[in-house]
Amino acid sequence: MQTITFEPLRWQDPPSRVTIKNQNGHSDAYLQVTTPRNVRAMTIGRPVEELPRILAILGPAHHLAGAMALDSLFDVEAPEPAVNMRRALLDTYVFIEHLKKIAFLLSSKTNPFADLRVAGRTDRIPHGLLDDVMHTIALAQEAAKILGGRSDHPITAIAGGISRYLKKEAYARLPEIAGKCLAAATHISATLNEIVMETGDALPTVKATSITAMPFLTMANGEDPPNTAVFKADTGKSIAEFPAKDIPANIGFHKEFWSHAPFAYIKDRGWPGLQADTTEGLYFVGPLARLNSRQALNTPLAEEERLRMVSALGLPPHVGVTAAYWALVVEMLQAVEGMSEMFDQKKFVGPSIRTIPTETGTEGYAAVEAPDGIIFHRYQVDPLGIVEEVDVLDTTKQNNALLCLLTQTVVATCREQKKSWKDTRAALELSLLPF
Amino acid sequence: MPKKKVAIYTATGCRSCETSILDIHYQVQRLNRMVDVVFWPYVLGSQLDDVDALDSIDVCFYAGAIRTETDRRMAEKLRDTSRHMVALGACAAFGGMPALANLSVTDSAPQEAIGEPTDPVAAPTPGEFEPHVKSLTQVVPADYVVPGCPPTQPLVWAAIQALVPEAGSDSHLAFAFSRLPKLVAEAMASGVLPPRGTIFGGDKAVCASCSRVKEEKRFKTVLRPYQKYEATGRCLLEQGLVCQGIATREGCGGLCTAEGIPCRGCFGKTEAVFDPGAKMVSAISSTFEPETPEEIQALTDQFIDLTGTFYRYAFPTQCALQRNRSIETQK
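Residues numbered from 1 in each chain as written. Chains lettered and ligands numbered in written order. Predicted model: local features only at pLDDT ≥ 70, side-chain atom pairs only at ≥ 80, totals over all residues. Heavy atoms only, no water.

Asks: Help me get a handle on the overall build of chain B, residues and values and all.
Replies: Counting its regular elements, chain B contains 14 helices and 7 strands. Of all intrachain contacts in chain B linking residues separated by at least 6 positions in sequence, the fraction that spans at least 24 positions is 71%. Summing over all exposed atoms, chain B offers an accessible surface of approximately 13100 Å²; the carbon and sulfur share of this is 54%. (Helix = DSSP H or I, 4+ residues; strand = E, 2+ residues; numbered from the N terminus. Contact = heavy atoms within 4.5 Å. Areas by Shrake-Rupley, 256 points an atom, 1.4 Å probe, with all protein chains shown as cover.)

The following block contains the structure:
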């Protein structure tokens, strides 16, 4: 038996590897998360108010989910300026995360760090586009720092609101950043449309690649604040709708001996196994799931982009990897339009920025549509507010089945096409990136 | 003159330290002129075995804690190949937040690792865990430390400039002279390497650069961060909130405290402090004046999870009891 290992996979967070067992012309491919974060061990025994900060290491959206779970635990409502600031911060992170993936896509054939100026020479990617992308990310990170205190591990979202008002100069700077990001995003999406999306020329490796059709989980469309989760079948038909607090009751976890990361599945349907022909019990989350789930978007540029996608690829639900990349572009525009709307002094001022809790409950929860998909936090505490039990549903567990099946598909296709192992790895990395 | 060869690697942690390097933004072009990034799995797709083919690396930035057998193997390999090893971020330098798992009685390894084999012959193994989470500095010697969770962009850039010698710009030198130890700033100015063991942070405590107003160091009660809000700009500790600025190395510029959030020590302890937890207990207790055993008991009851709070980022390396138990290779 021949064993091939790609370790680690480029752009994957958390770090992952693929092991391929090759025997008698048949290949079994395994996607393995190599460094799981032991959230439970890190958080049990901690004062619950510290969790938004600790769990920020899973991603900035987990910081926000943590603060919202504290609101629920302490039974307090964040004042409107704080709610707006959190929403603005989430939009900013969606924008940054999607743009970062777009930067990785554009530099996939090059060394982005060393060849930033010359990437255009080997592709159809215009000279300077990567520069524009990186500089736009930098601008958005400045906004994240203003709103969240730090650009990568934000700190300002706390129980009952936000830790402080913005400084006076921030009120002038934020709209300026939003304006520049909007202009850059419009330019970037137009260029991507021309060279990547509609023709697919810059994505030959993954143009024909699709995920295995399976249900998807999102928050309900149009609800503000979103508080209902929806499972939809791969046809787009609703399977189940339930309050966000019941997410854990609707999801089961399967453990495989070869994987540190468990596989989330639809509990009612049972674990179907990791097989492409029985996926009714599996599901996935993320930008493509959200786009498949929604009828229309409420911001003009994003909706225009979505319609362009529908015109090119047909009506949703989509399963193509190209569609997954297109979903990133649509959501990038939606996020920057959200930033433009929210980065307004009037949204961030008011008589209060936080509500001081007066009593401690026993359980708090929150669900957030994070850049990579829906996430869920639930904390159970003792009377002193010390964490006794914690459930953190992240996108790694939820998309584990999808990514493992996609890995098998890509490897099988590459073997059929007699691609080199190097090209197989490149195809894998590019296929997994948008999820 | 050939460019310096740089490697960047993250073990167990998050991607924030690597992102800090990507976040030097407008300096990327200048970095390109100074270095060849020869190994960077996350961004370049370098494979772990690629290190074997490298003759030498000038500077290796190693982020993340040592939790898995692979983390340790890569630390050893990169140490062997690199002239200068930099512990980048709190996890590599001190153990970081992943090391909070060491406090757990039941969870020395992630629970997700257990399960029934479906096909034990064909399937690969998931990888082995170390018994406890360690810092890079507990496994191999590190020449330099860039602390922070994550390190701030100016500090990352200062470290790059100092270790890949190039006369710095006026603004970066000004930053170096205002925030970094004198020896580092002088090295940056003259284009020589800072002394081995340099920590790219300040010499003093966070309080020295915190923008909050200190009035009197006495406070009557200990409050949890969610119980208090005072928009006065007054010292958080004096408001009754446990803030670790007095025991923590400065360099961040009081980033968290400026936002009304107490310091939790991601830059590690200052040189003058032996054990940050002991320092905090001593500092806080000296500000109370309880007169009866009942008052003392009532006060102590207000302190919770001292270990998880005072050693949030540095449990394996800076908790004196733990440190004596687990040091392996720091010789």
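More follows now that the structure is in view.
Asks: Summarise empty space enclosed by the protein; cite the residues concerned and give the values.
Replies: By the definition in use, this model includes 15 cavities of 30 Å³ or more. Reported here for the largest cavity is a volume of approximately 760 Å³. In terms of lining residues, the largest cavity is bounded by 40 residues, among which Asp13, Pro14, Leu58, Glu97 and Asp372 of chain A are the most central. Those elements that provide at least two residues to the lining of the largest cavity are strand E3 (26–33), helix H3 (60–74), helix H4 (80–106), helix H12 (395–398) and helix H13 (400–416) of chain A together with helix H1 (16–22) of chain B. Counting residues per element, the lining of the largest cavity draws most heavily on H4 of chain A, which supplies 5 residues. Of the residues in the lining of the largest cavity, the class split is 20 nonpolar, 11 polar and 9 charged. (1 Å grid on protein atoms, 1.4 Å probe; cavity = no way out; pocket = protein on both sides within 12 Å on 5 of 7 lines; lining within 4 Å. Points joined across faces, edges and corners; volume = space filled by probe spheres on them. Nonpolar A, V, L, I, M, F, W, Y, C, P; charged D, E, K, R; others polar.)

Asks: Break down the packing of aromatic side chains for me, with residues and values.
Replies: All names here are of chain A. Summed over all chains, the structure comprises 16 aromatic pairs over all chains. Ring geometry for phenylalanine 231 against tyrosine 283: centres 5.1 Å apart, planes inclined by 75 degrees, an arrangement best described as edge-to-face. Of the two residues, phenylalanine 231 sits in strand E7 (residues 228–232) while tyrosine 283 sits in the loop between strand E10 (263–266) and helix H8 (287–293), which places them 52 residues apart along the sequence. The class of phenylalanine 231 is buried, set by a relative accessible area of 1%. Classification of tyrosine 283 as buried rests on a relative accessible area of 0%. The rings of Tyr30, Trp258, Phe263, Tyr265 and Trp271 are connected pair by pair, giving a single aromatic cluster. Sitting over the ring of phenylalanine 253, lysine 397 keeps its end group 5.8 Å from the ring centre. For the cation-ring pair, arginine 415 lies above tryptophan 421, with the distance from its terminal atom to the ring centre recorded as 3.9 Å. (Phe/Tyr/Trp six-rings, centres within 6.5 Å; stacked < 30°, edge-to-face > 60°. Buried < 20%, exposed > 50% of the residue type's maximum accessible area, 1.4 Å probe, protein only. Lys NZ or Arg CZ within 6 Å of the ring centre and 35° of its normal.)

Asks: How would you summarise the sheet that holds strand E1 (residues 2–6) of chain A if you had to cite specific residues and measurements?
Replies: Residue and element names in this part refer to chain A. Read from one edge of the open sheet, 3 strands run E1-E2-E3, paired in antiparallel fashion. Strands at the two margins of the open sheet, each flanked by one partner only, are E1 and E3. In this sheet, neighbouring strand axes are inclined to one another by 20 degrees on average, regardless of whether the strands run parallel or antiparallel. Pairing geometry for E1 and strand E2 (residues 16–23), over 5 bridges, is antiparallel. Looking at the pairing, glutamine 2 lines up with asparagine 22 of E2. (Pairing = 2+ DSSP bridges. Axes fitted to C-alpha atoms, helices over the stretch in contact; angles between N-to-C directions.)

Asks: Could you give me a rundown of the interface of chain B and chain A, with the residues and numbers involved?
Replies: Facing 77 residues of chain B, the contacting portion of chain A comprises 76 residues. Summed over both partners, the interface of chain B with chain A comes to about 7000 Å²; 56% of that surface belongs to carbon and sulfur atoms. Summed over the shared surface of chain B and chain A, the result is 6 salt bridges. A salt bridge links glutamate 49 of chain A to arginine 224 of chain B; the shortest N-O distance between them is 2.5 Å. Remark: the boundary between chain B and chain A carries 27 residue pairs in polar contact (both at pLDDT 80 or more). (Buried area = accessible area lost by both parts, 1.4 Å probe. Salt bridge = Lys/Arg side-chain N within 4 Å of Asp/Glu carboxyl O. Polar contact = N/O pair within 3.5 Å; in protein donor to acceptor, adjacent residues only side chain to side chain.)

Asks: I'd like a rundown of the sheet that holds strand E12 (residues 373–381) of chain A, residues and numbers included.
Replies: All names here are of chain A. An order of E11-E12-E13 is seen for the 3 strands of this open sheet, with the pairing classed as antiparallel. Two strands in the sheet have a free side with no partner beyond their single neighbour: strand E11 (363–370) and strand E13 (387–393). Between one strand axis and the next, the sheet turns through 10 degrees on average, direction left out of account. For E12 and E13, the ladder comprises 6 bridges, and the chain directions are antiparallel. Bridging across to E13, histidine 377 finds its partner in valine 392. Packed onto the sheet, H3 meets E11, E12 and E13 and runs at close to 145 degrees relative to E11.

Asks: Tell me about the domain arrangement of chain B, and please be specific about residues and values.
Replies: Residue and element names in this part refer to chain B. Examined at the domain level, chain B breaks down into domain 1 (4–114 + 129–190) and domain 2 (206–326). Just the C-alpha atoms count here: the centres of domain 1 and domain 2 sit 27 Å apart. Taken residue by residue, the interface counts 21 residues in domain 1 and 18 residues in domain 2. Roughly 1600 Å² is buried in total at the junction of domain 1 and domain 2, and carbon and sulfur atoms are behind 66% of that figure. When residues of domain 1 are sorted by the area they lose upon contact with domain 2, Phe94, Gln138 and Arg179 head the list and together hold 36% of the total. On inspection of domain 1 and its partner domain 2, the count reaches 4 residue pairs in polar contact (both at pLDDT 80 or more). (Domains from an automatic or database assignment.)

Asks: Tell me about H3 of chain A, and name the residues and values.
Replies: Side chains that are three or four residues apart share a direction in an α-helix, a result of its 3.6 residues per turn. Over its 15 residues, H3 of chain A extends 22 Å from the first C-alpha to the last, a length consistent with the 21 Å expected when each residue adds 1.5 Å. Remark: aspartate 75 of chain A follows H3 of chain A within two positions and exhibits a positive phi of approximately 55 degrees. (Expected span 1.5 Å × (residues − 1).)

Asks: Give a description of the pairing of E7 of chain A that names residues and reports values.
Replies: Residue and element names in this part refer to chain A. Burial runs high along E7: 5 of the 5 residues are buried. Covered by surrounding structure in E7 are Thr228, Val230 and Lys232 together with Ala229 and Phe231, the residues of both alternating faces. Relative to E7, strand E6 (residues 216–219) is paired through 4 bridges, and the arrangement is antiparallel. What sits directly across from leucine 217, in E7, is phenylalanine 231.

Asks: With reference to specific residues and values, describe H4 of chain A.
Replies: Taking 1.5 Å as the rise per residue, H4 of chain A with 27 residues should run 39 Å; its terminal C-alpha atoms sit 39 Å apart, in good agreement. Across the 27 residues of H4 of chain A, 24 count as buried, placing the element largely inside the fold.

Asks: Tell me about the nonpolar core, and please be specific about residues and values.
Replies: Inside soluble globular proteins, nonpolar side chains tend to come together where they are buried. Counting 191 residues, the largest nonpolar core has Phe95 and Phe343 of chain A together with Tyr62, Leu78 and Leu136 of chain B as the members making the most contacts within it. For this core, the domains that each give at least three residues are domain 1 (4–114 + 129–190) and domain 2 (206–326) of chain B. Those residues in contact with phenylalanine 95 of chain A, other than ones at most four positions away along the chain, are Thr136, Ala140, Cys181, Ala185, Met332, Ala335, Val336 and Met339 of chain A. Judged by nonpolar contacts, the second largest core, of 18 residues, contains Leu51, Leu73, Ala159 and Val387 of chain A. (Core = buried A, V, L, I, M, F, W, Y, C linked by side-chain atoms within 4.5 Å.)

Asks: Hey, could you go over unusual backbone geometry for me, with residue numbers and the actual values?
Replies: Residue and element names in this part refer to chain A. The peptide bond linking glutamate 7 to proline 8 adopts the cis configuration, its omega dihedral lying at -10 degrees. Tracing the backbone through its elements, the reader meets proline 8 in the loop between E1 and E2. In the segment running from aspartate 13 into proline 14, the intervening peptide bond is cis, with an omega of 5 degrees. Within the secondary structure, proline 14 is located in the loop between E1 and E2.

Asks: So, the layout of surface pockets: which residues are in play, and what are the values?
Replies: If you add up the space inside the second largest pocket, you get close to 840 Å³. For the second largest pocket, the lining is made up of 43 residues, of which Ser163 and Arg164 of chain A together with Ala258, Glu259 and Gly260 of chain B are closest to its centre. Where the lining of the second largest pocket is concerned, the elements lending two or more residues are helix H2 (51–54), helix H5 (129–148), strand E4 (157–158) and helix H6 (168–197) of chain A together with helix H9 (255–258) of chain B. The dominant element in the lining of the second largest pocket, judged by the number of residues it contributes, is H6 of chain A, at 3 residues.

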